[in-house]
Amino acid sequence: MNSKKKLVIFMPSIEGGGVEKNFFIISNFLAKKLENITVITADKSYKKYFNKKIELIMPKSNYWHNKGRKIKYCICLFLLFLYYLKNKNFLVFSFQANIYAILFSKIFGLKIISRSNSSSTGWSKNYLKNIIFKILLRSANKVIVNSYEFKNELDKKFGIKSVCIYNPFNKLETIRLSKTKNNYKFFKKDKKTLKVINVGRLTDQKDHLTLLRAIRIIDKKIQIKLLIIGRGVNKKKLENYIKINNLQKKIRLIDFQKNPLKFIRLADIFILSSKYEGLPNVLLEALSLKKFVISSNCPTGPNEILSSNKGGLLFKMGDESDLAKKIIFYSKYKKKLSSKTRYGYKQLFRFDYNKNLNKYLKVVENYL
């Protein structure tokens, strides 16, 4: 299918998380269906992940790769402006820095589709910001969100009519990647030890301290090991907590992994402790590997994925005592609770790869 108007996908900072996975999947799918697709990003090192049909616009130097998000936003807005000087007729599809991209598009008379990835709890924190966001989000041609809970929150808060498209999840590919050889020995074949895993950026949003405090509560009650995979600004804070509480033998932190699935495969429980999300891909991955899931009942996504406790267990956000109780409860009733894992696995059809990718295609085609 050909499109005369060009499509520019705006993603200034690529950081290797669930948002980025969706970004690559959606961009490459659209490149197979449409002509004239350009991606603007500040992260040159991810060049190999894109379909060869995609035109990439990025800084010539790798210097910007380790800079902060806002610097990358400015660099990419400048690149978008240079692109505009040469090509007046194009559609913007923003995956990040949405408010910046919408403002740019409105100034220069461009149509824009904005994809919001996480609950407004994380980025809309005061009255003035809310007014600005309301004005700009209403001026976008289409706002896409990734869960119905998120849609209800955003529509009510900002008076818009967003559209929900679930993350396009490839269950078979997830299972295949999980089978990659893994020589990491922290999770030994020990049936008596409960093996727990968490994967996510080491930031306040992911609230790893609540998870660590829960492990401290149950340290003497059951045999348990926790592996946390990720990188971020809170690494030292978490390492200090582990050391001060003498939990080095029970808890390990390892850096970001390109394939965390081979580690998730070795665990008994996946725990998400976040303060807010959008639709956390990592829960879909854990369920596809038939791991029991315990998640904070944060806005938005976990409750929807776990079908209100039918597909796992939800704990009160930021409450380490509640989380500790849920972990101990699982350790006592593993067999009975396996029905929840089966239910969660069966519900993954909602996030079907092809069905949701075609929904993205339909939205984009409407504005080309």
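Going by the structure above, here's the rest.
Keep in mind the model is a prediction, meaning the values are calculated, not measured.

**Student:** Can you walk me through the overall build of the protein chain in this structure?
**Tutor:** When its secondary structure is counted, the protein chain shows 14 helices and 13 strands. Considering only C-alpha atoms, the protein chain reaches an extent of 65 × 45 × 40 Å along its principal axes. When burial is assessed residue by residue, the protein chain has 55% of its 368 residues classed as buried. Summing over all exposed atoms, the protein chain offers an accessible surface of approximately 17800 Å²; the carbon and sulfur share of this is 53%. Once the 76 positive and 24 negative side-chain charges of the protein chain are each reduced to a mean point, those two points are 3 Å apart.

**Student:** Got a minute to help me understand the nonpolar core in this structure?
**Tutor:** The tendency in soluble globular proteins is for nonpolar side chains to be buried side by side. By size, the foremost hydrophobic cluster in this structure holds 60 residues, and its most contacted members are F10, I197, I264 and F270. No other element matches the 7 residues that helix α2 (residues 69-86) contributes to this core. For I197, the residues in contact, after removing those within four places along its chain, are F187, L226, L227, I229, F263, I264, A267, I269, F270 and I271. In terms of nonpolar packing, the next biggest core, distinct from the first, is built from 30 residues, L211, I218, F292 and L337 among them.

**Student:** Quick question: what am I supposed to make of the sheet that holds strand β5 (residues 111-115) here?
**Tutor:** Backbone hydrogen bonds are what pair the strands of a sheet, in a parallel or an antiparallel way. Here 7 strands make up an open sheet; going across it, the order is β3-β2-β1-β4-β5-β6-β7 and the pairing parallel. Looking at strand neighbours, the two that pair on one side only are β3 (55-57) and β7 (163-164), the edges of this open sheet. When β5 meets strand β6 (residues 142-145), the two strands line up parallel, connected through 3 bridges. Note on β6: the bridge partner recorded for I113 is K142. Sheet strands touched by helix α1 (residues 18-33): β1 (6-10), β2 (37-40), β4 (90-94) and β5. Its angle to β1, the strand with the most contacts, is close to 170°.

**Student:** Would you mind showing me how to read a nonpolar patch on the surface here?
**Tutor:** A grouping of F78, F81, L82 and L85 is seen on the molecular surface, where their side chains present a nonpolar patch of about 360 Å² in accessible area. Residue placement: F81 occurs in helix α2.

**Student:** Could you clarify how one ought to interpret the packing of aromatic side chains in this entry?
**Tutor:** Applying the stated rule across the entire model yields 22 aromatic pairs. Between F23 and F95, the ring centres sit 5.4 Å apart and the planes meet at 70°, which makes this aromatic pair edge-to-face. In this pair, F23 sits in helix α1 while F95 sits in the loop between β4 and α3 (98-107), placing the two residues 72 residues apart along the sequence. Both residues of the pair, F23 and F95, count as buried. For the ring pair F104 and F108, a centre distance of 4.6 Å and an interplane angle of 40° mean the geometry is tilted. Relative accessible area serves as the criterion here: at 9%, F104 is assigned to the buried category. One aromatic cluster is present, formed by F23, F24, Y46, Y49, F50, F93, F95 and Y360 through successive ring pairs. Positioned above the aromatic ring of F186 is the side chain of K225, whose terminal nitrogen or guanidinium carbon lies 5.0 Å from the ring centre. Its end group placed over the ring of Y345, K290 keeps NZ or CZ at 4.7 Å from the ring centre.

**Student:** Would you mind showing me how to read the pattern of salt bridges here?
**Tutor:** Any two side chains of opposite charge can pair, so long as their charged atoms come close to each other. Summed over the entire model, instances satisfying the criterion amount to 14 salt bridges. Here E285 and K21 are joined by a salt bridge, their closest N and O atoms 2.6 Å apart. With E285 in helix α10 (residues 281-288) and K21 in helix α1, this pair connects stretches of sequence that are 264 residues apart. A network of salt bridges, in which partner residues are shared, links D219, K220 and K250.

Criteria and thresholds
- Residues numbered from 1 in each chain as written.
- Predicted model: local features only at pLDDT ≥ 70, side-chain atom pairs only at ≥ 80, totals over all residues.
- Heavy atoms only, no water.
- Helix = DSSP H or I, 4+ residues; strand = E, 2+ residues; numbered from the N terminus.
- Buried < 20%, exposed > 50% of the residue type's maximum accessible area, 1.4 Å probe, protein only.
- Areas by Shrake-Rupley, 256 points an atom, 1.4 Å probe, with all protein chains shown as cover.
- Lys, Arg positive; Asp, Glu negative; His and termini not counted.
- Charge placed at Lys NZ, Arg CZ, Asp CG, Glu CD.
- Core = buried A, V, L, I, M, F, W, Y, C linked by side-chain atoms within 4.5 Å.
- Contact = heavy atoms within 4.5 Å.
- Pairing = 2+ DSSP bridges.
- Axes fitted to C-alpha atoms, helices over the stretch in contact; angles between N-to-C directions.
- Patch = residues over 30% accessible without salt bridge, like charges linked within 9 Å, V, L, I, M, F, W, Y side chains within 5 Å.
- Salt bridge = Lys/Arg side-chain N within 4 Å of Asp/Glu carboxyl O.
- Phe/Tyr/Trp six-rings, centres within 6.5 Å; stacked < 30°, edge-to-face > 60°.
- Lys NZ or Arg CZ within 6 Å of the ring centre and 35° of its normal.

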